Amino acid sequence: MALDRKTPPNDLNSFWMPFTANRQFKKAPRMLVSAKDMHYTSADGRQILDGTAGLWCCNAGHCRPKITEAIQSQAAELDYAPAFQMGHPLAFELANRIIDIAPEGMEHVFYTNSGSEAVDTALKIALAYHRARGEGTRTRLIGRERGYHGVGFGGISVGGIVNNRRFFGTLLAGVDHLPHTHLPAKNSYVKGLPEHGAELADELERIVALHGADTIAAVIVEPVAGSTGVILPPKGYLERLRAITKKHGILLIFDEVITGFGRLGAPFAAQYFGVQPDMITCAKGLTSGVIPMGAVLTSAAVHDAFMQGPEHMIELFHGYTYSGSPIACAAGIATIETYREEGLFERCAEIAPYWEEALHSLKGARHVIDIRNVGLIGAIELEPIAGEPTKRAFSAFIKAFEKGILIRTTGDIIALSPPLIIDKAQVDQLIGTLRDVLEATD
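Residues numbered from 1 in each chain as written. Predicted model: local features only at pLDDT ≥ 70, side-chain atom pairs only at ≥ 80, totals over all residues. Heavy atoms only, no water.

A.B. asks: Just to check I follow, could you spell out helix H4 (residues 89-101) for this structure?
C.D. replies: Quick reminder: α-helices carry 3.6 residues per turn. Residues three or four places apart thus point the same way. Across its 13 residues, H4 extends 19 Å between first and last C-alpha, which sits within 8% of the 18 Å expected from 1.5 Å per residue. Considered for burial, the residues of H4 that qualify are Ala91, Leu94, Ala95 and Ile98. Down the axis of H4, the buried side of the element spans an arc of 105 degrees, and every buried residue falls inside it. H4 presents Pro89, Phe92 and Asp100 as exposed residues on the side facing more than 90 degrees away from its buried surface. Packing partners of the buried residues in H4 comprise strand E4 (106-112), strand E10 (294-299) and helix H13 (326-341). (Helix = DSSP H or I, 4+ residues; strand = E, 2+ residues; numbered from the N terminus. Expected span 1.5 Å × (residues − 1). Buried < 20%, exposed > 50% of the residue type's maximum accessible area, 1.4 Å probe, protein only. Arc of directions from axis to C-beta. Contact = heavy atoms within 4.5 Å.)

Structure below.
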């Protein structure tokens, strides 16, 4: 019997859903059954404007022909090939395509299957890099408060979102955290990057003085902290962080799982901000969310530290069964071609000022206490209900879906990150509908 892909099953019990209020959802499911370009179709046949690019990932929009055709063709030609001691051409071709658009100095690609795996891979590479150079005392990893780096043990250890950490007991030892850069008293309703807070990068000097530079392997930060509610780097902050890490021989890792592949109007945030890290983690937009895939980009210096000793020996004892999967590589190549052929990074940069003005038109709307934006990212922070944090934003999320827009909430913050193909009329629809939602939300 053929599978009916558009009718929700009668029994929803078996699937334990991630990051979801399972009991609430299964009482009133919100089902998506198809998608095209800027819209999902719900199970009841409504068009839902995608204000979040899925989960920050469908940068090229949904069901784009070139990507779909590449996956179909590859599945029929070479479905799987091992990446351990073997190769296939697409893995090398995609790596070349990534490096072609990557920041200057990024020269090598290590494939993973997700952003979480990319983060854990980068942290392992950082530790192994220092050991390879004879500095095995450098084992400490530095993250940042309110940072999100996926859900692996490494990622939640360096991450700084409380609920992602507190349920799991002792995590990796030897981890410390920089303060976050959210300063609402000084930077509320700022358009673009905030003026105040660059000095918070100097907290790294305090951490170095406390632990000793010779114990610290790497610092990992999101250039723009997305999942915690869009926290922006103050002007000059990333530059100061780079200067301090270089001064002390500490690797700097940019987690660009969200900001990579055009979200700020440049291929990577490192280019947008003009700051050169030692490694970049990416995923999501790499395949426009179509096939799970992630990657770590490294400088030549990081890579070459491992290329010592006998040539027949494995240099890095790390990898995944699906590293560089042929179907994922085909999707990645087609996605990068779609970005290039349609000028989507440039399109993002062009529409960003219109996006900024539309977002900030919500100043004064009901419950709104702050608005933040950069590139095609936005956050509308709501005043919490006393004693019931997150409830107001979640209520807005439900109402938004009912009114035909998909938004994302974290705490009492509404986060927006539409596909890069969004046009001005769709921006107006998204923001106008959100205004109506806020007016109807208690």
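A.B. asks: When you look at the environment of valine 175 in this model, what are you seeing that I'm missing?
C.D. replies: Within the secondary structure, valine 175 is located in strand E6 (residues 175-178). Remark: the alpha-carbon pair of valine 175 and leucine 141, spanning 34 residues in sequence, is separated by 5.0 Å. For valine 175, the residues in contact, after removing those within four places along its chain, are Arg140, Leu141, Ser157 and Val158.

A.B. asks: It is not clear to me how the packing of H4 against H13 should be interpreted in this structure. Could you clarify?
C.D. replies: Each pair of packed helices can be described by the angle between their axes along with the distance between the axes. At their nearest, the axes of H4 and H13 sit 9 Å apart, and the two run at 30 degrees to each other. One finds that H4 runs roughly parallel with respect to H13. Relative to H13, the crossing made by H4 is left-handed. Counted together, Leu90, Ala91, Glu93, Leu94, Arg97 and Ile98 of H4 and Pro326, Cys329, Ala330, Gly332, Ile333, Ile336 and Glu337 of H13 form the full contact between these two elements. Of the residues that constitute the contact of H4 with H13, the class distribution is nine nonpolar, one polar and three charged. (Axes fitted to C-alpha atoms, helices over the stretch in contact; angles between N-to-C directions. Parallel < 35°, antiparallel > 145°, perpendicular 65-115°, else oblique. Left-handed = near helix turned anticlockwise from the far one by under 90°. Nonpolar A, V, L, I, M, F, W, Y, C, P; charged D, E, K, R; others polar.)

A.B. asks: Please clarify how the nonpolar core should be interpreted in this entry.
C.D. replies: What tends to happen in soluble globular proteins is that the nonpolar side chains get buried as a cluster. One finds Tyr111, Leu178, Leu297, Ile380, Ile414, Leu416 and Leu434 to be the most contacted residues of the largest nonpolar core, which totals 102 residues. It is H13 that provides the largest number of residues to this core, a total of nine residues. In this view, leucine 416 contacts Gly51, Trp355, Leu359, Leu376, Ile377, Gly378, Ile380, Ile407, Leu430, Ile431 and Leu434; residues no more than four positions away in its chain are not counted. In terms of nonpolar packing, the next biggest core, distinct from the first, is built from 19 residues, Leu123, Ala218, Met279 and Val302 among them. (Core = buried A, V, L, I, M, F, W, Y, C linked by side-chain atoms within 4.5 Å.)

A.B. asks: What is the right way to read the sheet that holds strand E9 (residues 279-282) from this model?
C.D. replies: Adjacent strands of a sheet form backbone hydrogen bonds with each other and so pair up, either parallel or antiparallel. With mixed pairing, the seven strands of this open sheet are ordered in space as E4-E10-E9-E8-E7-E5-E6. Of all strands in the sheet, those with a lone pairing partner are E4 and E6, marking the two edges. The mean inter-strand angle of the sheet, taken between neighbouring strand axes irrespective of direction, is 20 degrees. Here helix H10 (residues 237-247) sits on the sheet and contacts strand E5 (140-144), E6, strand E7 (216-221) and strand E8 (251-255); the angle it forms with E8, its principal contact strand, is near 150 degrees. (Pairing = 2+ DSSP bridges.)

A.B. asks: What am I meant to see in the pairing of strand E15 (residues 413-416) here?
C.D. replies: Residues in a regular strand project their side chains so that they alternate between the two faces of the sheet. With burial as the criterion, each face of E15 is covered, one bearing Ile413 and Ala415 and the other bearing Ile414 and Leu416. Pairing analysis gives four bridges linking strand E12 (residues 377-382) to E15, with the strands arranged antiparallel. Each residue of the ladder has a partner; that of isoleucine 380, found in E15, is isoleucine 414. Looking at chain direction, strand E14 (residues 408-410) and E15 are connected through three bridges and run antiparallel. Bridging from a neighbouring strand, threonine 409 pairs with isoleucine 414 of E15. Hairpin remark: E14 followed by E15, antiparallel, with two residues in the connecting loop; positive phi at glycine 411, about 60 degrees.

A.B. asks: Even after reading the chapter, I still don't get helix H15 (residues 391-402), so can you show me in this structure?
C.D. replies: Taking 1.5 Å of rise per residue, twelve residues should cover 16 Å, and H15 covers 17 Å from first to last C-alpha, within 8% of that figure. Three or more residues of H15 are buried, namely Arg392, Ala393, Ala396, Phe397, Ile398, Ala400 and Phe401.

A.B. asks: What exactly am I supposed to notice about the state of the cysteines here?
C.D. replies: Defined simply, a disulfide is a covalent bond joining two cysteines at their sulfur atoms. As enumerated under the stated definition, the model contains zero disulfides in all. Free cysteine cysteine 57: the closest other cysteine sulfur is in cysteine 58, separated by 3.9 Å. (Disulfide = S-S within 2.5 Å.)

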